[in-house]
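A closer look at the structure
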Amino acid sequence: MGNSSRTLSMYDVPLWESINAGSMRLQCCSNCGLFRYPPAPVCAACLAEEVEWRELSGRGTILSWVVFHRRYFDDHPVPYNAIAVQLEEGPIMVSNLVGPVPDTDWIGRAVRMVYERVTDGMLPRFELASVVESPPLPAATPINLRK
Ligand SMILES: [Zn+2]
């Protein structure tokens, strides 16, 4: 066994720079508006080479999930989950769900991207949007037990 490692192509560097800055950006076709993931030299829809890097909203929906119980890498202790997220911008991204996980019904849950520091930079992961967007609980009211 060993640790996992990243393999970067020449098109991946701006992607990882944006992730390390805490605002993930993807290539967006200047001709047709299709977001590219992973980064690529041409648009899969119209073959245009022109591109701009656009920041993602961070919002998405869980399409699929799994919990791994077999250890493949030393730096990935089990159990851990993997999720496929349909980003609001279109691409499907594989990541992990952090924080509270649903007891049932993972699929279709709204998620929000968060950035977590790892040994060699940051990783984009997701947490349930309902966890983020829940209003704070009201302050506890003292109970007088001496009545
Ligand atoms: Zn295009």
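Attention here is on the structure that accompanies the text. (Residues numbered from 1 in each chain as written. Predicted model: local features only at pLDDT ≥ 70, side-chain atom pairs only at ≥ 80, totals over all residues.)

**Details of the nonpolar core**
If you look at the biggest cluster of nonpolar residues, it comprises 14 residues, and the most contacted ones within it are Leu-56, Ile-83, Val-85, Val-111 and Phe-126. Secondary structure elements with two or more residues in this core: strand S5 (80-87), strand S7 (110-118) and strand S8 (121-128). It is S5 that contributes the most residues to this core, three residues altogether. Counting the residues that make up this core, at least three belong to each of domain 1 (8-55) and domain 2 (57-133). With near-sequence residues (within four places) excluded, Ile-83 lies in contact with Ile-62, Trp-65, Ser-95, Asn-96, Leu-97 and Phe-126. (Core = buried A, V, L, I, M, F, W, Y, C linked by C-beta atoms within 7 Å. Buried ≥ 20, exposed ≤ 12 C-beta atoms within 10 Å, placed from the backbone. Helix = DSSP H or I, 4+ residues; strand = E, 2+ residues; numbered from the N terminus. Domains from an automatic or database assignment. Contact = placed C-beta atoms within 7 Å.)

**Some remarks on the sheet that holds S5**
Read from one edge to the other, the open sheet built from five strands follows the order S6-S5-S4-S7-S8, with strand pairing classed as antiparallel. Edge positions in the open sheet fall to strand S6 (92-95) and S8, since each of these has one partner strand only. In this sheet, adjacent strand axes meet at a mean angle of 35° when their direction is disregarded. Sheet analysis places strand S4 (residues 59-68) next to S5, joined by eight bridges and oriented antiparallel. In the strand pairing of S5, Gly-60 is matched with Leu-87. In the packing of helix H1 (residues 13-20) onto the sheet, the strands contacted are S7 and S8, and the crossing angle to S8 comes to about 65°. (Pairing = 2+ DSSP bridges. Axes fitted to C-alpha atoms, helices over the stretch in contact; angles between N-to-C directions.)

Structural measurements only, silent on function.
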